[in-house]
Amino acid sequence: MKKFDDPSKLKDSIDVSLKRMGRVLFMPVTSAIRAVRMFTQPSSIARKASNDVMGEIKKLKEPPSSLAEYVDGGSHYIARRLLYLVILAALILPALFINFAWPVLQSHFFTKTMPVDSAAAASYTGKVRLTDRDSGAVLFEGSLDKGRINGFGRLYGYDGKRRYEGNFLMEVFDGYGELYYENGGLRYQGSFSMNKEEGQGIQYYEDQTVSYEGGFAGGLYEGTGVKYREDGSLEYEGGYARGLYEGAGVLYDLEGRKRYDGNFAAGLYEGEGRLYSGGRLVYEGSFHDGKAEGFGKMYESGKLVEEGQYGGDVFSAGTTTLYYESGALLYEGGYGNGTYEGSGTLYREDGTIFYQGGFSGGLYEGEGSLYDEAGSLVYTGGFSGGLYEG
């Protein structure tokens, strides 16, 4: 016999022996528990049921061999095999419906409500109503596809008012949709791409009058469009690029009359165009950076008063017609560098001719003629620096 010098070693040996004996004694019990667990597991039940069903289906091909295989149903005998299959079907079909058919029906024909930040929403497919976990406010109604917002839906604010209604693609506005103001009024209706207005659409003021109707790109006016003021009057119609007037277009005043008709670049007059005041033409010609530049014609009360070259909105050279404040004719003829230049005629306010001839720097120069108030010729001949010469 082995000796134990240390009492603790003897105790450890006894504990090990007792544990081994316990495992041997309880082995039948643990085996029975394990068998019960395996038998009661859903997968085991389903597997056994399916095996039984398949076995009975195969036996259906074999006719019953004795009366003992029938059940007395009163006026009729029922095959035990058929009755067994009916009972199994009654047990299995509801389970199949709950696990497979019901989720499909629910996703297509029913709306499921869940918190927007729930784990279920992260992978759900079907119609949903997503809510704020704390307040319960509905934030979204529409469809999820594996947790992603796709297809038609409605987006709401925490105040319960609709913010957007339309198509979604991976949570962003895409396709046709409608945006709304906080007061619930329509803000925009039309096409979207990546959360921005894209394509054709209509913008509205908060009072629901139309603000703009036409093309968009990246949320800005693009292509052809029509802009309205808040009172509903027409402000502009024509081309746009990056939200600014571009190409051919027409601007209107508050009375609905033309203010400008011509070409634009980056929102400014550029190229050929016509300016109006009170509905009357005041200038037609070339523009650059929003100002008269190059050849043009100026009108007053429908009459041509200047024709020639302009620079920075200032008439620089050409022919002009000037008037007294009373409206009487003052001068008509050549003009350059801000004064009379070339051939021209000066008039008194009563309409009689005062001087007719050449000018240079605003002074009589070259051949010319002076007249008195009665219209009689006083002098004709050469001038130099505004003085008689010769």
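Residues numbered from 1 in each chain as written. Predicted model: local features only at pLDDT ≥ 70, side-chain atom pairs only at ≥ 80, totals over all residues. Heavy atoms only, no water.

Visitor: How would you explain a negative patch on the surface if you had to name every residue and give the values?
Guide: Judged by side-chain charge, Glu182, Glu206, Asp207, Glu230 and Asp231 come together as a negatively charged surface patch. Residue classification places Glu230 among the exposed residues on the basis of a relative accessible area of 54%. (Patch = residues over 30% accessible without salt bridge, like charges linked within 9 Å, V, L, I, M, F, W, Y side chains within 5 Å. Areas by Shrake-Rupley, 256 points an atom, 1.4 Å probe, with all protein chains shown as cover. Salt bridge = Lys/Arg side-chain N within 4 Å of Asp/Glu carboxyl O. Lys, Arg positive; Asp, Glu negative; His and termini not counted. Charge placed at Lys NZ, Arg CZ, Asp CG, Glu CD. Buried < 20%, exposed > 50% of the residue type's maximum accessible area, 1.4 Å probe, protein only.)

Visitor: Could you give an account of the environment of Leu275, naming the residues involved and the relevant values?
Guide: If you trace the backbone, Leu275 turns up in strand β16 (residues 268-277). Exposure remark for Leu275: the relative accessible area of 22% places this residue in the partly exposed category. Separated by 10 residues in the primary sequence, Leu275 and Gly285 have C-alpha atoms spaced 9.0 Å apart. (Helix = DSSP H or I, 4+ residues; strand = E, 2+ residues; numbered from the N terminus.)

Visitor: Just give me the short version of the pattern of salt bridges, but keep the residues and values in it.
Guide: Using the criterion set out here, one finds 10 salt bridges in the structure. One salt bridge in this structure joins Glu165 and Arg154, with 3.2 Å as the shortest N-O distance. With Glu165 in strand β7 (residues 162-169) and Arg154 in strand β6 (residues 148-156), this residue pair connects regions lying 11 residues apart in the sequence. With a relative accessible area of 16%, Glu165 lands in the buried category. Owing to a relative accessible area of 29%, Arg154 belongs among the partly exposed residues under this scheme. Overlapping salt bridges, with partners in common, bring together Arg154, Arg162 and Glu165 in one network.

Visitor: Please set out the pairing of β16 residue by residue, giving values where relevant.
Guide: One face of the sheet, then the other: side chains in a regular strand alternate in exactly this way. Pairing analysis gives five bridges linking strand β15 (residues 258-265) to β16, with the strands arranged antiparallel. Residue pairing in the sheet places Asp261 in a bridge with Arg274 of β16. Here β15 hands over to β16 after two residues, with Ala266 in that stretch at a positive phi of 55°. Sheet topology places β16 next to strand β17 (residues 280-288); seven bridges connect them, and they run antiparallel. Counted as the bridge partner of Leu275 is Tyr283 from β17. Counting the residues between successive antiparallel strands, the hairpin from β16 to β17 contains two residues, one of them, Gly278, with a positive phi of roughly 65°. (Pairing = 2+ DSSP bridges.)

Visitor: Could you give an account of the packing of aromatic side chains, naming the residues involved and the relevant values?
Guide: Inspection of the entire model under this criterion finds 38 aromatic pairs. Pairing Tyr164 with Phe168 gives two aromatic rings, centres 5.1 Å apart and planes at 80°, and the pair type is edge-to-face. Each member of the pair, Tyr164 as well as Phe168, is classed as buried. With centroids separated by 4.0 Å and ring planes inclined at 25°, the aromatic side chains of Tyr236 and Tyr245 adopt a geometry described as stacked. The class of Tyr236 is buried, set by a relative accessible area of 0%. On the accessibility criterion, Tyr245 (18% relative accessible area) is buried. The ring of Tyr180 has Arg162 sitting right over it, with the charged end atom 4.3 Å from the ring centre. (Phe/Tyr/Trp six-rings, centres within 6.5 Å; stacked < 30°, edge-to-face > 60°. Lys NZ or Arg CZ within 6 Å of the ring centre and 35° of its normal.)

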